[in-house]
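# Structure assessment
The primary structure of each chain is shown beneath.
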Amino acid sequence: MVRKLLTGNAAAAWGARLARVRYVPAFPITPQTEIVESLSEWFARGDLEGRFVTLDGENSMVLAAGAASAAGVRTFTATSSQGLVHAMEALYTVAGWRVPLVLVNVSRGLSAPITLGPDHNDVLAARDTGFVQIHAETCQDILDSVLLAYRIAEDARLRIPVIVNLDGFYLSFTREPVELPDPRQVDRFLEPVGASRPGFRASRPVAQGVAVLDAAAYSYFRYQLHLALEAALDVHSEAVEDFQRIFGRRPAALDAFKVDAADAILVMVGSFATRGKEAVIRWRRQGHRVGLVRPRLLRPFPARDLVALLSGRRAVAVIDQNVSPGLGGILFHEIAGALAACGCRPQVLRSFIGGLGGKEITAAELDHVRAALDEREPGPDGRAELLFTGDDWSRVRSMLETAGKQIGGAVSCE
């Protein structure tokens, strides 16, 4: 084991390197470009065997990755934001091919308006494609998740692609200590490429095609993909056990932080959960019985385990770093649906939207969330509340005044 100071992008690249990827189709986009630049350099120097190819866009990049994976090659690629959206057609296609590639998405808010800061609307737009989704909190989490992703994707019971998501800038360009495992440990964790299914070979000719099917056959194959994603929950659990035994870390589907004896739970995803954990530590010292749950796995949705953690609590607040216009926070509604289905909702379930475009979630905003839970009332009409301070509004108002626009109302948590 070697300990290095790595950016999140570098940790993702090292995960692919340790997995011994052999083909990387790429197209640059901020803030993920450092990932493919690192891999390109390693291929050029001979540190990695295989091919690095620059394609003409994200759609062809993902299709090339899918074709190589179908041929039995361990394949990796990466993108961000508009790039992931541009590749959306191809994401559905390669998931339907049931190929075990791994794609890292470095989250960045979608335009318009344009931003380079992170939120999760890009990756959550892909939640119905058929990809497994793993969301990382730290740079170590990124490397571990890439290795875990190959173990899940290549399992003979699944053969499905995986997205590993990390937050742009907050993780992509932030350096943290990362433990790089010995390559021999990784070889124990991952099977040799092609061990479960050899892929296409000239010596064993086969035909495979996606034909125009009638509705019954289409329904059958789409539901098979759904069942494979459901089965990924058990495969993930098995892989986590082996991961802990070999590497000494446990990247479980749910990261439960100080939930013992907590009567209120905060749910967050991604790097901002670190700030939520800081707030939980502070609140505990003040006598508030609050814990935090961070879903690492969002597809398949770990509903059973989430319900077990959240049911019976006095209050649950979900901070969504996304917004589905006309609905509210995506994660909140998925959790609320899971709790409603089992008939064991907490007394108070509140929805907050924060961190859009990388806007910081401040200690004051987190304190506002805790205070709202103490009110013992659900949100107004089940609607989400935007975390937006008076200082935020002053900045927006100044910009609008500079642009000579009319000013409307303000939304503030102060």
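The preceding data block contains the structure.
Residues numbered from 1 in each chain as written. Predicted model: local features only at pLDDT ≥ 70, side-chain atom pairs only at ≥ 80, totals over all residues. Heavy atoms only, no water.

Turning to helix α11 (residues 303-310), a few remarks are in order. L306, V307, L309 and L310 are the residues of α11 that are buried. All buried residues of α11 fall inside an arc of 165 degrees around its axis, so they share one side. Every exposed residue of α11 that faces more than 90 degrees away from the buried side is listed here: R304 and A308. Just downstream of α11, G312 is the residue with a positive phi angle, here 85 degrees. (Buried < 20%, exposed > 50% of the residue type's maximum accessible area, 1.4 Å probe, protein only. Helix = DSSP H or I, 4+ residues; strand = E, 2+ residues; numbered from the N terminus. Arc of directions from axis to C-beta.)

In contact at an axis separation of 10 Å, α11 and helix α12 (residues 330-342) are set at 75 degrees when each is read in the N-to-C sense. What the angle tells us is that α11 and α12 run roughly perpendicular. Contacts from A303, L306, V307 and L310 of α11 reach α12 at I335, A338, L339 and C342. (Axes fitted to C-alpha atoms, helices over the stretch in contact; angles between N-to-C directions. Parallel < 35°, antiparallel > 145°, perpendicular 65-115°, else oblique. Contact = heavy atoms within 4.5 Å.)

For sheets, the rule is that strands pair by backbone hydrogen bonds, running either parallel or antiparallel. Read across the sheet, five strands follow the order β4-β5-β7-β6-β12 without closing on themselves; strand pairing throughout is mixed. Two strands lie at the open edges of the sheet, namely β4 (76-79) and β12 (297-299), each paired on one side alone. Across this sheet, the average inter-strand angle for adjacent strands is 25 degrees, counted without regard to direction. Where strand β6 (residues 132-135) lies against strand β7 (residues 162-167), four bridges are found, and the strand directions are parallel. Residue pairing in the sheet places H135 in a bridge with N165 of β7. In this fold helix α3 (residues 58-70) packs onto β4 and β5 (102-107), with an angle of close to 160 degrees to the strand it touches most, β4. (Pairing = 2+ DSSP bridges.)

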